[in-house]
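Fold and contact review
The chain contents come next:
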Amino acid sequence: MKDAVLDRKGRKQETAPGYRRLVEHYESCFERHGATPQGVDWPDAGISPPGSTS
């Protein structure tokens, strides 16, 4: 991953080293699951699995 991201206006913003790991985690979730609750690391999004009684 690059050491910079773009803000809303397209300007380069340096990221603090501690945040890089967090950004990588969420980018990885999105790459694996796409635009779904799992894509932002929400395992169930409050939805009961099929066959659940709750």
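Residues numbered from 1 in each chain as written. Predicted model: local features only at pLDDT ≥ 70, side-chain atom pairs only at ≥ 80, totals over all residues. Heavy atoms only, no water.

Before going further, it helps to spend a moment on unusual backbone geometry. If you check the backbone angles, D41 has positive phi at about 65° while not being a glycine. Tracing the backbone shows D41 in the segment after α1 (17-33). (Helix = DSSP H or I, 4+ residues; strand = E, 2+ residues; numbered from the N terminus.)

A cluster of nonpolar side chains, contributed by Y19, L22 and Y26, occupies part of the molecular surface with about 330 Å² of accessible area. Using a relative accessible area of 54% as the deciding quantity, one classes Y19 as exposed. (Patch = residues over 30% accessible without salt bridge, like charges linked within 9 Å, V, L, I, M, F, W, Y side chains within 5 Å. Areas by Shrake-Rupley, 256 points an atom, 1.4 Å probe, with all protein chains shown as cover. Salt bridge = Lys/Arg side-chain N within 4 Å of Asp/Glu carboxyl O. Buried < 20%, exposed > 50% of the residue type's maximum accessible area, 1.4 Å probe, protein only.)

We now examine the confidence of the model for the chain. Detailed reading of the predicted model is not advised wherever pLDDT is low. Summary statistics for the chain give a mean pLDDT of 78 and a share of 72% for residues scoring 70 or more. Taking the mean pLDDT of every element in the chain, the minimum, 70, falls on strand β1 (residues 4-6) and the maximum, 88, on α1. (pLDDT = per-residue confidence, 0-100.)

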